[in-house]
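Understanding the architecture of this molecule
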Amino acid sequence: MRATAQAQPNIALIKYWGKRDAARNLPAVSSLSLTLDSLWTRMSVQFDATLGADQLEVNGEPATGMLTRVSRCLDRVAGSSRDFATVRSDCNFPIAAGLASSASSFAALVVAASEAAGKSPDTLALARLAGAASGSAARSLYPGIVLLTAGSDDIVVQSIADDWPLELVVAVTEESAKPVSSGEAMTRSAESSPFYATWVARQDEDIRSALDAVSRRDFLALAAVSEHNCLKMHSVMWASRPPIVYWNHATLTCMQTVRRLQSDGLPVFFTIDAGPQLKAVCLPEAAPAVASALSETPGVGRILRSGLGAGARRLQET
Ligand code: 2P0
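First, a word on what this report is: a plain description of the structure on this page. Just so it is clear, the structure is predicted and the values come from calculations on it, not from any experiment. (Residues numbered from 1 in each chain as written. Predicted model: local features only at pLDDT ≥ 70, side-chain atom pairs only at ≥ 80, totals over all residues. Heavy atoms only, no water.)

Examining helix H7 (residues 249-263)
Given 3.6 residues per turn, any residue in an α-helix points the same way as the ones three and four places further on. Keep this limit in mind: Counting from the N terminus, the helices are the DSSP runs of H or I reaching at least four residues and the strands are the DSSP runs of E reaching at least two. What a helix should span is 1.5 Å times the count of its residues minus one. Think of it in three bands: residues with accessible area under 20% of the maximum for their type are buried, residues over 50% are exposed, and the middle band is partly exposed, with areas taken using a 1.4 Å probe on protein chains only. It only takes one pair of heavy atoms within 4.5 Å for two residues to be counted as in contact. Pairs of N or O atoms are called polar contacts if they sit within 3.5 Å, as long as, within protein, a hydrogen donor faces a hydrogen acceptor (for residues adjacent in sequence, only side-chain-to-side-chain pairs).
Here H7 is 15 residues long and its end C-alpha atoms lie 22 Å apart, about the 21 Å a rise of 1.5 Å per residue gives. Residues of H7 that are buried: Ala250, Thr251, Thr253, Cys254, Met255, Thr257, Val258 and Leu261. Considering only its buried residues, H7 is in contact with strand S12 (167-172), helix H6 (219-238), strand S13 (268-272), strand S14 (278-282) and helix H8 (287-295). The N-terminus of H7 is capped by Asn248, whose side-chain oxygen sits 3.0 Å from the backbone nitrogen of Ala250. Downstream of H7 by a residue or two, Gly265 has a phi angle that is positive, lying close to 95 degrees.

Laid out in C-alpha coordinates, this is it:
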(Lines give C-alpha, C1' and ligand atoms only; values in the text may rest on other atoms or scores of the structure.)
Protein backbone atom coordinates (compact mmCIF):
# COMPACT_ATOMS: atom_id res chain seq x y z
CA MET A 1 0.00 0.00 0.00
CA ARG A 2 3.06 2.25 -0.24
CA ALA A 3 5.10 3.32 -3.26
CA THR A 4 7.53 6.07 -4.27
CA ALA A 5 7.98 7.50 -7.75
CA GLN A 6 10.13 10.13 -9.41
CA ALA A 7 9.30 12.45 -12.27
CA GLN A 8 11.16 15.32 -13.84
CA PRO A 9 9.55 18.55 -15.01
CA ASN A 10 9.19 19.22 -18.70
CA ILE A 11 9.61 22.49 -20.55
CA ALA A 12 7.33 23.17 -23.51
CA LEU A 13 8.78 24.56 -26.72
CA ILE A 14 5.34 24.68 -28.35
CA LYS A 15 3.15 25.69 -25.44
CA TYR A 16 -0.05 24.45 -23.85
CA TRP A 17 -2.14 27.54 -23.12
CA GLY A 18 -5.93 27.26 -22.79
CA LYS A 19 -8.46 24.52 -22.11
CA ARG A 20 -10.97 22.88 -24.43
CA ASP A 21 -12.88 21.40 -21.48
CA ALA A 22 -12.18 22.88 -18.06
CA ALA A 23 -14.10 20.18 -16.14
CA ARG A 24 -11.93 17.42 -17.63
CA ASN A 25 -8.88 19.69 -17.87
CA LEU A 26 -8.47 18.91 -21.58
CA PRO A 27 -6.08 21.26 -23.39
CA ALA A 28 -7.31 23.43 -26.27
CA VAL A 29 -4.03 23.01 -28.15
CA SER A 30 -1.37 20.39 -28.77
CA SER A 31 2.08 20.95 -27.30
CA LEU A 32 5.68 19.77 -27.63
CA SER A 33 8.09 19.57 -24.70
CA LEU A 34 11.45 18.47 -23.37
CA THR A 35 11.53 16.15 -20.34
CA LEU A 36 14.47 17.10 -18.11
CA ASP A 37 16.80 14.89 -16.09
CA SER A 38 18.50 16.77 -13.25
CA LEU A 39 15.47 18.50 -11.68
CA TRP A 40 13.06 16.11 -9.97
CA THR A 41 10.10 15.58 -7.70
CA ARG A 42 9.86 12.39 -5.64
CA MET A 43 6.46 11.46 -4.28
CA SER A 44 5.58 8.68 -1.89
CA VAL A 45 2.01 7.57 -1.31
CA GLN A 46 0.79 5.33 1.46
CA PHE A 47 -2.88 4.38 1.69
CA ASP A 48 -3.85 3.77 5.32
CA ALA A 49 -7.27 2.59 6.53
CA THR A 50 -6.66 4.18 9.96
CA LEU A 51 -6.40 7.77 8.62
CA GLY A 52 -9.36 10.16 8.83
CA ALA A 53 -8.16 12.47 6.02
CA ASP A 54 -5.48 12.75 3.35
CA GLN A 55 -2.22 14.28 4.52
CA LEU A 56 0.32 16.09 2.36
CA GLU A 57 3.87 17.14 3.18
CA VAL A 58 6.05 19.03 0.72
CA ASN A 59 9.79 19.19 1.48
CA GLY A 60 9.07 18.16 5.07
CA GLU A 61 6.38 20.81 5.75
CA PRO A 62 2.59 20.29 5.87
CA ALA A 63 1.11 21.69 2.64
CA THR A 64 -2.59 22.40 2.67
CA GLY A 65 -2.76 24.57 -0.45
CA MET A 66 -2.27 21.65 -2.85
CA LEU A 67 -4.20 19.09 -0.82
CA THR A 68 -7.55 19.31 -2.65
CA ARG A 69 -5.92 18.80 -6.06
CA VAL A 70 -3.85 15.92 -4.70
CA SER A 71 -6.93 14.26 -3.12
CA ARG A 72 -8.90 14.55 -6.37
CA CYS A 73 -6.02 13.03 -8.28
CA LEU A 74 -5.85 10.12 -5.79
CA ASP A 75 -9.62 9.59 -6.28
CA ARG A 76 -9.16 9.36 -10.04
CA VAL A 77 -6.26 6.91 -9.70
CA ALA A 78 -7.52 4.68 -6.86
CA GLY A 79 -11.30 5.26 -6.91
CA SER A 80 -13.35 7.43 -4.57
CA SER A 81 -13.89 4.56 -2.10
CA ARG A 82 -10.12 4.39 -1.48
CA ASP A 83 -8.48 4.69 1.93
CA PHE A 84 -7.06 8.06 2.88
CA ALA A 85 -3.38 8.52 2.13
CA THR A 86 -0.20 10.07 3.44
CA VAL A 87 1.58 11.80 0.55
CA ARG A 88 5.15 13.07 0.87
CA SER A 89 6.76 15.15 -1.82
CA ASP A 90 10.39 16.21 -2.19
CA CYS A 91 11.45 18.60 -4.88
CA ASN A 92 15.00 19.76 -5.68
CA PHE A 93 14.00 23.04 -7.41
CA PRO A 94 11.72 26.07 -6.70
CA ILE A 95 7.99 25.26 -6.54
CA ALA A 96 5.23 27.16 -8.42
CA ALA A 97 7.70 29.61 -9.93
CA GLY A 98 7.30 28.75 -13.59
CA LEU A 99 9.59 25.73 -13.46
CA ALA A 100 6.86 23.16 -14.06
CA SER A 101 6.80 21.76 -10.53
CA SER A 102 3.13 20.79 -10.96
CA ALA A 103 4.09 18.70 -14.02
CA SER A 104 6.70 16.65 -12.16
CA SER A 105 4.53 16.49 -9.01
CA PHE A 106 1.41 15.08 -10.63
CA ALA A 107 3.35 12.76 -12.95
CA ALA A 108 5.15 11.29 -9.93
CA LEU A 109 1.90 11.21 -7.94
CA VAL A 110 -0.06 9.12 -10.45
CA VAL A 111 2.76 6.56 -10.73
CA ALA A 112 3.22 6.29 -6.93
CA ALA A 113 -0.53 6.22 -6.24
CA SER A 114 -1.35 3.59 -8.86
CA GLU A 115 1.49 1.35 -7.61
CA ALA A 116 0.42 1.85 -3.98
CA ALA A 117 -3.16 0.98 -4.98
CA GLY A 118 -1.98 -2.18 -6.74
CA LYS A 119 -3.09 -0.95 -10.15
CA SER A 120 -0.99 -1.00 -13.31
CA PRO A 121 -2.39 1.35 -15.94
CA ASP A 122 -0.35 1.72 -19.13
CA THR A 123 1.71 4.87 -19.69
CA LEU A 124 -0.95 6.66 -21.75
CA ALA A 125 -3.59 5.97 -19.08
CA LEU A 126 -1.18 7.36 -16.45
CA ALA A 127 -0.53 10.40 -18.65
CA ARG A 128 -4.27 11.04 -18.94
CA LEU A 129 -4.67 10.76 -15.15
CA ALA A 130 -1.77 13.19 -14.64
CA GLY A 131 -3.17 15.54 -17.30
CA ALA A 132 -6.54 15.65 -15.56
CA ALA A 133 -4.73 17.12 -12.54
CA SER A 134 -2.35 19.40 -14.44
CA GLY A 135 -2.29 19.58 -18.23
CA SER A 136 1.48 19.70 -18.60
CA ALA A 137 1.97 16.75 -16.21
CA ALA A 138 0.82 14.33 -18.91
CA ARG A 139 4.05 15.02 -20.81
CA SER A 140 6.35 14.11 -17.87
CA LEU A 141 5.36 10.45 -18.17
CA TYR A 142 7.48 10.24 -21.32
CA PRO A 143 11.21 10.69 -22.05
CA GLY A 144 13.07 13.13 -24.27
CA ILE A 145 11.08 15.22 -26.76
CA VAL A 146 7.37 14.68 -26.18
CA LEU A 147 4.31 15.45 -28.30
CA LEU A 148 0.92 15.89 -26.65
CA THR A 149 -1.88 15.85 -29.22
CA ALA A 150 -5.09 17.52 -28.06
CA GLY A 151 -7.95 15.49 -29.50
CA SER A 152 -11.60 16.41 -29.05
CA ASP A 153 -12.16 13.27 -26.92
CA ASP A 154 -8.90 12.98 -25.03
CA ILE A 155 -5.18 13.59 -25.26
CA VAL A 156 -2.61 11.30 -26.89
CA VAL A 157 0.99 11.59 -25.70
CA GLN A 158 4.15 10.08 -27.19
CA SER A 159 7.90 10.49 -27.08
CA ILE A 160 9.08 11.45 -30.56
CA ALA A 161 12.86 11.45 -29.93
CA ASP A 162 15.17 10.74 -27.03
CA ASP A 163 18.52 10.77 -28.81
CA TRP A 164 19.00 14.47 -29.60
CA PRO A 165 21.24 15.72 -26.77
CA LEU A 166 19.65 19.12 -26.20
CA GLU A 167 20.58 20.91 -22.99
CA LEU A 168 18.67 23.37 -20.90
CA VAL A 169 20.12 26.26 -18.89
CA VAL A 170 17.59 27.91 -16.58
CA ALA A 171 18.25 31.46 -15.40
CA VAL A 172 16.34 31.79 -12.12
CA THR A 173 15.39 35.45 -11.71
CA GLU A 174 12.87 35.04 -8.86
CA GLU A 175 12.49 32.17 -6.38
CA SER A 176 9.06 32.96 -4.96
CA ALA A 177 5.71 31.58 -6.16
CA LYS A 178 3.98 33.33 -9.04
CA PRO A 179 1.16 35.82 -8.33
CA VAL A 180 -1.38 34.35 -10.81
CA SER A 181 -1.67 30.57 -11.26
CA SER A 182 -1.40 29.31 -14.82
CA GLY A 183 -4.90 27.82 -14.62
CA GLU A 184 -6.39 31.21 -13.70
CA ALA A 185 -4.26 32.96 -16.33
CA MET A 186 -5.43 30.55 -19.05
CA THR A 187 -9.07 31.21 -18.17
CA ARG A 188 -8.51 34.96 -18.27
CA SER A 189 -6.73 34.67 -21.64
CA ALA A 190 -9.57 32.62 -23.14
CA GLU A 191 -12.22 35.00 -21.82
CA SER A 192 -10.62 38.33 -22.62
CA SER A 193 -7.63 38.22 -24.97
CA PRO A 194 -8.46 39.34 -28.51
CA PHE A 195 -5.60 37.09 -29.71
CA TYR A 196 -6.76 33.86 -28.03
CA ALA A 197 -8.80 32.48 -30.96
CA THR A 198 -5.89 33.07 -33.34
CA TRP A 199 -3.50 31.43 -30.88
CA VAL A 200 -5.62 28.26 -30.87
CA ALA A 201 -6.22 28.32 -34.64
CA ARG A 202 -2.51 28.65 -35.54
CA GLN A 203 -1.09 26.13 -33.05
CA ASP A 204 -1.03 23.09 -35.34
CA GLU A 205 1.06 25.06 -37.83
CA ASP A 206 3.75 25.56 -35.15
CA ILE A 207 3.49 21.92 -34.06
CA ARG A 208 4.10 20.80 -37.67
CA SER A 209 7.11 23.11 -38.04
CA ALA A 210 8.59 21.89 -34.77
CA LEU A 211 8.06 18.21 -35.64
CA ASP A 212 9.71 18.79 -39.00
CA ALA A 213 12.66 20.53 -37.32
CA VAL A 214 13.06 17.68 -34.81
CA SER A 215 12.90 15.02 -37.52
CA ARG A 216 15.69 16.82 -39.42
CA ARG A 217 17.58 17.66 -36.19
CA ASP A 218 17.52 21.23 -37.48
CA PHE A 219 18.36 23.28 -34.38
CA LEU A 220 17.90 26.70 -36.01
CA ALA A 221 14.46 25.79 -37.36
CA LEU A 222 13.42 24.50 -33.91
CA ALA A 223 14.79 27.70 -32.37
CA ALA A 224 12.77 29.94 -34.70
CA VAL A 225 9.42 28.23 -34.17
CA SER A 226 9.96 27.80 -30.40
CA GLU A 227 10.77 31.47 -29.76
CA HIS A 228 7.84 32.50 -31.98
CA ASN A 229 5.42 30.23 -30.11
CA CYS A 230 6.64 31.41 -26.70
CA LEU A 231 6.33 35.12 -27.55
CA LYS A 232 2.92 34.49 -29.13
CA MET A 233 1.67 32.84 -25.93
CA HIS A 234 2.92 35.77 -23.85
CA SER A 235 1.30 38.22 -26.31
CA VAL A 236 -2.04 36.47 -25.67
CA MET A 237 -1.52 37.03 -21.94
CA TRP A 238 -0.34 40.64 -22.24
CA ALA A 239 -3.49 41.47 -24.21
CA SER A 240 -5.79 39.89 -21.59
CA ARG A 241 -7.87 42.02 -19.20
CA PRO A 242 -6.51 42.55 -16.62
CA PRO A 243 -3.18 41.84 -18.32
CA ILE A 244 -0.92 39.01 -17.21
CA VAL A 245 2.79 39.78 -17.34
CA TYR A 246 4.99 37.10 -15.81
CA TRP A 247 8.29 38.69 -16.85
CA ASN A 248 10.52 40.92 -14.76
CA HIS A 249 13.41 43.17 -15.70
CA ALA A 250 15.92 40.30 -15.56
CA THR A 251 13.78 38.14 -17.87
CA LEU A 252 14.27 40.73 -20.62
CA THR A 253 17.94 41.20 -19.82
CA CYS A 254 18.41 37.42 -20.15
CA MET A 255 16.65 37.54 -23.51
CA GLN A 256 19.21 40.13 -24.64
CA THR A 257 22.01 37.84 -23.43
CA VAL A 258 20.61 35.03 -25.59
CA ARG A 259 20.39 37.38 -28.59
CA ARG A 260 24.06 38.32 -28.08
CA LEU A 261 25.07 34.64 -27.88
CA GLN A 262 23.09 33.95 -31.06
CA SER A 263 24.82 36.78 -32.89
CA ASP A 264 28.14 35.25 -31.78
CA GLY A 265 27.01 32.09 -33.61
CA LEU A 266 26.11 29.91 -30.62
CA PRO A 267 23.32 27.33 -31.05
CA VAL A 268 20.93 28.59 -28.36
CA PHE A 269 17.37 29.89 -28.06
CA PHE A 270 15.07 30.95 -25.22
CA THR A 271 11.69 30.01 -23.93
CA ILE A 272 9.70 31.44 -21.00
CA ASP A 273 6.72 29.88 -19.20
CA ALA A 274 4.20 31.12 -16.65
CA GLY A 275 6.89 32.76 -14.54
CA PRO A 276 9.90 35.08 -14.86
CA GLN A 277 12.62 32.44 -15.38
CA LEU A 278 14.30 32.30 -18.77
CA LYS A 279 15.10 28.86 -20.13
CA ALA A 280 17.84 28.64 -22.72
CA VAL A 281 17.86 25.53 -24.90
CA CYS A 282 21.19 24.77 -26.55
CA LEU A 283 23.38 22.13 -28.11
CA PRO A 284 25.83 20.54 -25.64
CA GLU A 285 28.92 22.32 -26.99
CA ALA A 286 27.31 25.71 -26.23
CA ALA A 287 26.09 24.89 -22.71
CA PRO A 288 29.16 26.11 -20.72
CA ALA A 289 29.20 29.48 -22.52
CA VAL A 290 25.42 29.88 -22.22
CA ALA A 291 25.50 29.06 -18.49
CA SER A 292 28.38 31.45 -17.90
CA ALA A 293 26.77 34.34 -19.84
CA LEU A 294 23.40 33.91 -18.11
CA SER A 295 24.96 33.63 -14.65
CA GLU A 296 26.70 36.99 -15.25
CA THR A 297 23.47 38.64 -16.43
CA PRO A 298 22.21 41.22 -13.87
CA GLY A 299 19.22 39.96 -11.88
CA VAL A 300 19.98 36.25 -12.26
CA GLY A 301 20.03 34.58 -8.84
CA ARG A 302 21.21 31.17 -9.90
CA ILE A 303 21.55 28.84 -12.84
CA LEU A 304 20.12 25.34 -13.13
CA ARG A 305 21.31 22.98 -15.85
CA SER A 306 19.78 19.84 -17.25
CA GLY A 307 19.93 17.46 -20.13
CA LEU A 308 16.94 15.49 -21.36
CA GLY A 309 15.76 12.58 -19.26
CA ALA A 310 13.43 9.70 -18.64
CA GLY A 311 9.70 9.60 -18.02
CA ALA A 312 8.11 9.17 -14.58
CA ARG A 313 8.90 5.87 -12.91
CA ARG A 314 8.65 3.98 -9.65
CA LEU A 315 11.65 4.08 -7.31
CA GLN A 316 12.65 1.24 -5.05
CA GLU A 317 11.84 1.97 -1.41
CA THR A 318 14.86 2.83 0.72
C1 2P0 B 1 3.25 24.47 -20.89
N2 2P0 B 1 2.38 25.96 -19.10
O3 2P0 B 1 2.99 24.00 -22.00
C4 2P0 B 1 2.58 25.78 -20.51
C5 2P0 B 1 3.38 26.96 -20.93
C6 2P0 B 1 2.82 27.23 -18.64
C7 2P0 B 1 3.22 27.97 -19.84
O8 2P0 B 1 1.36 24.01 -18.86
O9 2P0 B 1 -4.16 24.36 -15.32
O10 2P0 B 1 0.19 23.79 -14.51
O11 2P0 B 1 -2.78 22.63 -14.17
O12 2P0 B 1 -3.57 22.25 -16.53
O13 2P0 B 1 -0.06 22.37 -16.58
C14 2P0 B 1 1.43 25.31 -16.93
O15 2P0 B 1 0.13 24.91 -16.73
O16 2P0 B 1 -1.86 24.00 -16.01
C17 2P0 B 1 1.71 25.05 -18.36
P18 2P0 B 1 -3.18 23.26 -15.49
P19 2P0 B 1 -0.34 23.64 -15.89
O20 2P0 B 1 4.10 23.94 -20.15
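That covers the picture; the talk isn't over yet.
Some words on the environment of Asp21
Considering the arrangement of structural elements, one finds Asp21 in strand S3 (residues 19-21). Note on Asp21: relative accessible area 26%, which makes it partly exposed. Each C-alpha atom, one on Asp21 and one on Val58, is 29 Å from the other, the two residues being 37 residues apart in sequence. There is a polar contact of 3.1 Å between the side chain of Asp21 and the backbone nitrogen of Arg24.

Quick notes on the sheet that holds strand S2 (residues 10-14)
Counted only if it meets this: One bridge is not enough; two strands pair if DSSP finds at least two bridges between them. In this analysis an axis means a line fitted to C-alpha atoms, helices contributing only their contacting stretch, and an angle means the value between N-to-C directions, from 0 to 180 degrees.
Pairing is antiparallel in the open sheet, where four strands are placed in the order S2-S5-S10-S11. At either margin of the open sheet sits one strand with a lone partner, and together these are S2 and strand S11 (155-161). Strand-to-strand twist in this sheet, taken as the mean axis angle between neighbours without regard to direction, amounts to 30 degrees. Pairing of S2 with strand S5 (residues 31-35), which is carried by four bridges, proceeds in the antiparallel orientation. From the neighbouring strand, Ile14 faces S5, where its bridge partner is Leu32.

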